[in-house]
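The residues making up each chain are set out below.
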Amino acid sequence: MESKLLRVERLLKGVADATNYLLTVKDYNQDINQALDTLGKATKSENYKILTKN
């Protein structure tokens, strides 16, 4: 069983890496996908949804 501290550490690293991708945007679509992939791995998620407000 993974400890809470390790989960928090993994999540914070994922957020930091995803933020870095978005702050150094060269190709917006690719960087968004990379950021979402990084967050997915950090949270051990297999899928996600992007919701927009119309």
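Computed from a predicted structure; not experimentally measured.

About the cut-offs
- Residues numbered from 1 in each chain as written.
- Predicted model: local features only at pLDDT ≥ 70, side-chain atom pairs only at ≥ 80, totals over all residues.
- Heavy atoms only, no water.
- Helix = DSSP H or I, 4+ residues; strand = E, 2+ residues; numbered from the N terminus.
- Rg over C-alpha atoms; globule rule 2.2 N^0.38 Å.
- Buried < 20%, exposed > 50% of the residue type's maximum accessible area, 1.4 Å probe, protein only.
- Areas by Shrake-Rupley, 256 points an atom, 1.4 Å probe, with all protein chains shown as cover.
- Lys, Arg positive; Asp, Glu negative; His and termini not counted.
- Charge placed at Lys NZ, Arg CZ, Asp CG, Glu CD.
- Axes fitted to C-alpha atoms, helices over the stretch in contact; angles between N-to-C directions.
- Parallel < 35°, antiparallel > 145°, perpendicular 65-115°, else oblique.
- Contact = heavy atoms within 4.5 Å.
- Nonpolar A, V, L, I, M, F, W, Y, C, P; charged D, E, K, R; others polar.
- Patch = residues over 30% accessible without salt bridge, like charges linked within 9 Å, V, L, I, M, F, W, Y side chains within 5 Å.
- Salt bridge = Lys/Arg side-chain N within 4 Å of Asp/Glu carboxyl O.

Draft legend 1. Representation of the overall build of the protein within the structure. Along its length, the protein carries 2 helices and 0 strands. Against the globule reference of 10 Å for 54 residues, the protein gives a C-alpha radius of gyration of 13 Å, more extended than a compact globule. The principal-axis extent of the C-alpha atoms belonging to the protein is close to 40 × 25 × 15 Å. Buried residues in the protein amount to 13% of all 54 residues. Carbon together with sulfur atoms contributes 57% to the accessible area of the protein, which is approximately 5,000 Å² in total. Across the protein, the mean location of the 9 positive side-chain charges is 7 Å away from that of the 7 negative side-chain charges.

Draft legend 2. The arrangement of the packing of helix H1 (residues 4–23) against helix H2 (residues 28–43) in detail. Packing of H1 against H2 brings their axes to within 8 Å, and their N-to-C directions diverge by 180 degrees. Between H1 and H2, the interaxial angle falls into the category roughly antiparallel. In contact with Arg10, Leu11, Gly14, Val15, Asp17, Ala18, Tyr21 and Leu22 of H1, H2 contributes Asp31, Ile32, Gln34, Ala35, Thr38, Leu39, Lys41, Ala42 and Thr43. Residue classes in the contact of H1 with H2 are distributed as 9 nonpolar, 4 polar and 4 charged.

Draft legend 3. A look at unusual backbone geometry. Here lysine 44, not a glycine, exhibits a phi torsion of approximately 60 degrees, which is positive. Its location among the elements puts lysine 44 in the segment after H2.

Draft legend 4. Structural view of a nonpolar patch on the surface. A surface patch of nonpolar side chains, about 200 Å² in accessible area, is lined by Leu11, Val15 and Leu39. Position of valine 15 among the secondary structure elements: in helix H1. For valine 15, a relative accessible area of 38% puts it in the partly exposed group.

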